[in-house]
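Residues per chain, in single letters:
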Amino acid sequence: EILGEARGEPLSGFLLPENIQTWAPNLRTLQCIHFLSPLSGPLPSLSTLNIVHRIAPRRSSSESPLKTLLDLLLKLPNLSSFQLVAYEAHEKFVSGVLPVTECLAITSFHLRIRSMDLLTFPDEGSCIEEFMNAVRMPSLEDYTVHIDIRGLGDRNDECIEWSSKSGLLSNALLPEHFSK
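Residues numbered from 1 in each chain as written. Predicted model: local features only at pLDDT ≥ 70, side-chain atom pairs only at ≥ 80, totals over all residues. Heavy atoms only, no water.

Engineer: Just to check I follow, could you spell out the overall build of the protein chain for this structure?
Structural biologist: Each helix and strand counted, the protein chain has four helices and 11 strands in total. Residues classed as buried in the protein chain amount to 41% of the 180 residues present. A fraction of 77% describes how many contacts in the protein chain between residues 6 or more apart in sequence connect residues 24 or more apart. As displayed, the protein chain offers around 9,400 Å² of accessible surface, 50% of which is attributable to carbon and sulfur atoms. (Helix = DSSP H or I, 4+ residues; strand = E, 2+ residues; numbered from the N terminus. Buried < 20%, exposed > 50% of the residue type's maximum accessible area, 1.4 Å probe, protein only. Contact = heavy atoms within 4.5 Å. Areas by Shrake-Rupley, 256 points an atom, 1.4 Å probe, with all protein chains shown as cover.)

Structure (C-alpha coordinates):
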(Lines give C-alpha, C1' and ligand atoms only; values in the text may rest on other atoms or scores of the structure.)
Protein backbone atom coordinates (compact mmCIF):
# COMPACT_ATOMS: atom_id res chain seq x y z
CA GLU A 1 0.00 0.00 0.00
CA ILE A 2 1.38 3.38 -0.99
CA LEU A 3 0.25 6.30 1.11
CA GLY A 4 1.32 9.84 0.47
CA GLU A 5 0.30 13.20 1.75
CA ALA A 6 2.42 16.16 2.72
CA ARG A 7 0.92 19.01 4.72
CA GLY A 8 -2.56 18.04 3.54
CA GLU A 9 -1.54 18.23 -0.13
CA PRO A 10 -1.61 15.14 -2.36
CA LEU A 11 1.76 13.95 -3.56
CA SER A 12 2.28 13.53 -7.28
CA GLY A 13 5.20 13.45 -9.64
CA PHE A 14 7.03 10.83 -7.58
CA LEU A 15 7.79 7.57 -9.34
CA LEU A 16 7.30 4.23 -7.75
CA PRO A 17 10.63 2.40 -7.60
CA GLU A 18 11.93 1.48 -11.05
CA ASN A 19 12.71 -2.03 -9.80
CA ILE A 20 9.18 -2.65 -8.52
CA GLN A 21 9.15 -5.94 -10.49
CA THR A 22 12.26 -7.05 -8.59
CA TRP A 23 11.22 -6.25 -5.03
CA ALA A 24 7.52 -7.06 -5.50
CA PRO A 25 7.28 -9.56 -8.39
CA ASN A 26 3.93 -10.93 -7.16
CA LEU A 27 2.27 -7.61 -6.30
CA ARG A 28 -1.45 -8.03 -7.05
CA THR A 29 -2.99 -4.98 -5.35
CA LEU A 30 -1.88 -1.37 -5.29
CA GLN A 31 -3.66 1.23 -3.19
CA CYS A 32 -2.66 4.87 -3.59
CA ILE A 33 -4.20 7.42 -1.24
CA HIS A 34 -3.48 11.02 -2.22
CA PHE A 35 -0.50 9.74 -4.19
CA LEU A 36 -0.49 9.24 -7.91
CA SER A 37 2.50 8.29 -9.97
CA PRO A 38 3.10 6.72 -13.34
CA LEU A 39 5.06 3.50 -13.37
CA SER A 40 8.43 3.47 -15.06
CA GLY A 41 7.45 0.25 -16.86
CA PRO A 42 4.60 -2.25 -17.12
CA LEU A 43 3.48 -4.15 -14.05
CA PRO A 44 1.71 -7.26 -15.38
CA SER A 45 1.20 -8.91 -11.97
CA LEU A 46 -1.14 -6.16 -10.72
CA SER A 47 -4.83 -7.07 -10.90
CA THR A 48 -6.39 -4.59 -8.43
CA LEU A 49 -5.90 -0.83 -8.27
CA ASN A 50 -7.47 1.46 -5.68
CA ILE A 51 -6.93 5.19 -6.11
CA VAL A 52 -8.07 8.01 -3.82
CA HIS A 53 -7.10 11.34 -5.36
CA ARG A 54 -8.24 14.75 -6.54
CA ILE A 55 -8.73 14.61 -10.30
CA ALA A 56 -8.80 18.33 -11.04
CA PRO A 57 -5.42 19.93 -11.60
CA ARG A 58 -4.25 22.55 -9.14
CA ARG A 59 -4.74 26.04 -10.49
CA SER A 60 -1.03 26.70 -10.02
CA SER A 61 0.00 23.55 -11.90
CA SER A 62 -0.17 22.44 -15.50
CA GLU A 63 0.16 18.81 -14.34
CA SER A 64 -3.05 16.83 -14.82
CA PRO A 65 -3.82 14.06 -12.33
CA LEU A 66 -6.10 12.50 -14.97
CA LYS A 67 -3.28 12.25 -17.50
CA THR A 68 -1.10 10.67 -14.82
CA LEU A 69 -3.89 8.22 -13.95
CA LEU A 70 -4.43 7.24 -17.59
CA ASP A 71 -0.68 6.71 -18.00
CA LEU A 72 -0.73 4.47 -14.93
CA LEU A 73 -3.64 2.44 -16.31
CA LEU A 74 -1.73 1.86 -19.55
CA LYS A 75 1.09 0.22 -17.58
CA LEU A 76 -1.26 -2.33 -15.97
CA PRO A 77 -2.19 -4.75 -18.76
CA ASN A 78 -3.82 -7.34 -16.45
CA LEU A 79 -5.75 -4.94 -14.23
CA SER A 80 -9.19 -6.45 -13.69
CA SER A 81 -10.50 -4.45 -10.71
CA PHE A 82 -10.28 -0.66 -10.53
CA GLN A 83 -11.65 1.55 -7.77
CA LEU A 84 -11.42 5.32 -8.05
CA VAL A 85 -12.40 7.68 -5.25
CA ALA A 86 -12.34 11.05 -6.99
CA TYR A 87 -12.29 14.47 -5.38
CA GLU A 88 -13.12 17.64 -7.33
CA ALA A 89 -14.70 15.67 -10.16
CA HIS A 90 -17.13 18.53 -10.80
CA GLU A 91 -14.35 20.97 -11.71
CA LYS A 92 -13.95 22.07 -15.33
CA PHE A 93 -11.15 20.18 -17.08
CA VAL A 94 -8.75 22.74 -18.50
CA SER A 95 -5.63 20.65 -19.20
CA GLY A 96 -6.03 19.94 -22.89
CA VAL A 97 -7.30 16.69 -24.36
CA LEU A 98 -7.03 13.33 -22.64
CA PRO A 99 -5.85 10.43 -24.79
CA VAL A 100 -8.24 7.54 -25.39
CA THR A 101 -6.97 4.79 -23.10
CA GLU A 102 -7.83 1.13 -23.63
CA CYS A 103 -8.09 -0.93 -20.43
CA LEU A 104 -8.85 -4.30 -21.97
CA ALA A 105 -8.78 -6.45 -18.82
CA ILE A 106 -10.88 -4.31 -16.45
CA THR A 107 -14.06 -6.18 -15.55
CA SER A 108 -14.96 -4.25 -12.38
CA PHE A 109 -14.97 -0.46 -12.00
CA HIS A 110 -16.17 1.19 -8.80
CA LEU A 111 -16.34 4.97 -8.92
CA ARG A 112 -16.96 7.11 -5.86
CA ILE A 113 -17.18 10.85 -6.27
CA ARG A 114 -16.54 12.69 -3.02
CA SER A 115 -17.85 16.16 -2.15
CA MET A 116 -19.62 16.67 -5.46
CA ASP A 117 -20.81 20.26 -5.79
CA LEU A 118 -23.58 19.53 -8.24
CA LEU A 119 -24.76 23.13 -8.51
CA THR A 120 -21.41 24.16 -10.02
CA PHE A 121 -21.20 21.12 -12.35
CA PRO A 122 -20.36 22.52 -15.81
CA ASP A 123 -22.66 21.89 -18.76
CA GLU A 124 -19.75 20.16 -20.47
CA GLY A 125 -16.08 19.44 -19.93
CA SER A 126 -16.02 18.42 -16.26
CA CYS A 127 -13.05 16.38 -15.06
CA ILE A 128 -15.17 13.27 -14.55
CA GLU A 129 -16.80 13.63 -17.97
CA GLU A 130 -13.42 13.97 -19.69
CA PHE A 131 -12.07 10.94 -17.83
CA MET A 132 -15.08 8.78 -18.65
CA ASN A 133 -14.87 9.83 -22.32
CA ALA A 134 -11.17 8.90 -22.45
CA VAL A 135 -11.16 5.53 -20.69
CA ARG A 136 -12.33 2.43 -22.58
CA MET A 137 -13.18 -0.78 -20.71
CA PRO A 138 -14.61 -3.22 -23.28
CA SER A 139 -14.60 -6.15 -20.81
CA LEU A 140 -16.47 -4.26 -18.07
CA GLU A 141 -19.02 -6.42 -16.27
CA ASP A 142 -19.51 -4.55 -12.98
CA TYR A 143 -19.83 -0.74 -12.82
CA THR A 144 -20.80 0.92 -9.55
CA VAL A 145 -21.14 4.65 -8.93
CA HIS A 146 -21.53 6.34 -5.55
CA ILE A 147 -21.79 10.11 -5.33
CA ASP A 148 -21.50 12.20 -2.16
CA ILE A 149 -23.35 15.40 -3.01
CA ARG A 150 -22.80 18.55 -0.98
CA GLY A 151 -24.59 21.86 -0.97
CA LEU A 152 -28.05 20.61 -1.83
CA GLY A 153 -30.49 23.36 -0.93
CA ASP A 154 -34.21 23.24 -0.54
CA ARG A 155 -35.19 26.39 -2.41
CA ASN A 156 -37.25 25.74 -5.56
CA ASP A 157 -34.76 27.39 -7.89
CA GLU A 158 -31.94 25.25 -6.43
CA CYS A 159 -34.02 22.07 -6.80
CA ILE A 160 -34.68 22.86 -10.48
CA GLU A 161 -30.97 23.55 -11.06
CA TRP A 162 -30.03 20.40 -9.12
CA SER A 163 -32.37 18.33 -11.28
CA SER A 164 -30.88 19.75 -14.47
CA LYS A 165 -27.32 19.19 -13.29
CA SER A 166 -28.06 15.61 -12.20
CA GLY A 167 -29.06 14.85 -15.81
CA LEU A 168 -25.74 16.27 -17.03
CA LEU A 169 -23.89 14.20 -14.45
CA SER A 170 -25.72 11.03 -15.50
CA ASN A 171 -24.70 11.64 -19.11
CA ALA A 172 -21.09 12.19 -18.03
CA LEU A 173 -21.03 8.93 -16.04
CA LEU A 174 -22.55 6.87 -18.85
CA PRO A 175 -20.75 8.05 -21.99
CA GLU A 176 -22.01 6.92 -25.37
CA HIS A 177 -19.17 4.46 -25.90
CA PHE A 178 -20.34 2.44 -22.85
CA SER A 179 -23.37 1.25 -24.83
CA LYS A 180 -21.13 -0.05 -27.59
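More follows now that the structure is in view.
Engineer: Teacher, can you tell me more about the packing of helix α2 (residues 65-74) against helix α3 (residues 127-134) here?
Structural biologist: Helix-helix packing: each pair is described by the crossing angle between the helix axes and the interaxial distance. Viewed as axis vectors pointing N to C, α2 and α3 meet at an angle of 25 degrees, and their least axial separation amounts to 11 Å. By the angle between their directions, the pair α2 and α3 is classed as roughly parallel. Between α2 and α3 lies a crossing whose hand is right-handed. Where α2 approaches α3, its residues Leu66, Leu69, Leu70 and Leu73 are matched on the opposing element by Cys127, Phe131 and Ala134. Residues belonging to the contact of α2 with α3 are distributed by class as follows: seven nonpolar, no polar and no charged. (Axes fitted to C-alpha atoms, helices over the stretch in contact; angles between N-to-C directions. Parallel < 35°, antiparallel > 145°, perpendicular 65-115°, else oblique. Left-handed = near helix turned anticlockwise from the far one by under 90°. Nonpolar A, V, L, I, M, F, W, Y, C, P; charged D, E, K, R; others polar.)

Engineer: Explain the pattern of salt bridges here, please?
Structural biologist: Any two side chains of opposite charge can pair, given that their charged atoms come close. What the rule picks out here adds up to five salt bridges. A salt bridge links Lys75 to Asp71, with the nearest nitrogen and oxygen atoms 3.9 Å apart. Accessibility expressed as a relative area gives 27% for Asp71, which makes it partly exposed. With a shortest N-O distance of 2.6 Å, Arg114 and Asp148 are connected by a salt bridge. Separated by 34 residues along the polypeptide, Arg114 in strand β9 (residues 108-117) and Asp148 in strand β11 (residues 142-150) bring together distant segments of the chain. (Salt bridge = Lys/Arg side-chain N within 4 Å of Asp/Glu carboxyl O.)

Engineer: I tried to follow α3 on my own but got confused; where do I start?
Structural biologist: Each α-helix turn comprises 3.6 residues. Residues three or four places apart therefore point the same way. Extensive coverage of α3 is indicated by the burial of six of its eight residues. Every buried residue of α3 is accounted for by Cys127, Ile128, Glu129, Phe131, Met132 and Ala134.

Engineer: Just checking my understanding: could you explain the packing of aromatic side chains for this structure?
Structural biologist: Aromatic ring pairs are reported here in terms of the distance separating the ring centres and the angle at which the planes meet. In the structure shown here, the tally under the stated rule is three aromatic pairs. Here the aromatic rings of Tyr143 and Phe178 are separated by 5.2 Å at their centres, their planes lie at 65 degrees, and the arrangement is edge-to-face. Here the residue Tyr143 occupies a position in strand β11, and Phe178 occupies one in the segment after α4 (156-173), the gap between them amounting to 35 residues. Using a relative accessible area of 22% as the deciding quantity, one classes Tyr143 as partly exposed. Phe178 gets classed as partly exposed once you look at its relative accessible area, which sits at 26%. (Phe/Tyr/Trp six-rings, centres within 6.5 Å; stacked < 30°, edge-to-face > 60°.)

Engineer: What's the story with the environment of Leu111 in this structure? I'm lost.
Structural biologist: Relative to the assigned elements, Leu111 resides in strand β9. Counting along the chain gives 36 residues from Leu111 to Ile147, while the straight-line C-alpha distance between them is 8.3 Å. With residues near it in sequence (within four places) discarded, Leu111 still touches Leu84, Ile128, Met132, Tyr143, Thr144, Val145, His146 and Leu173.

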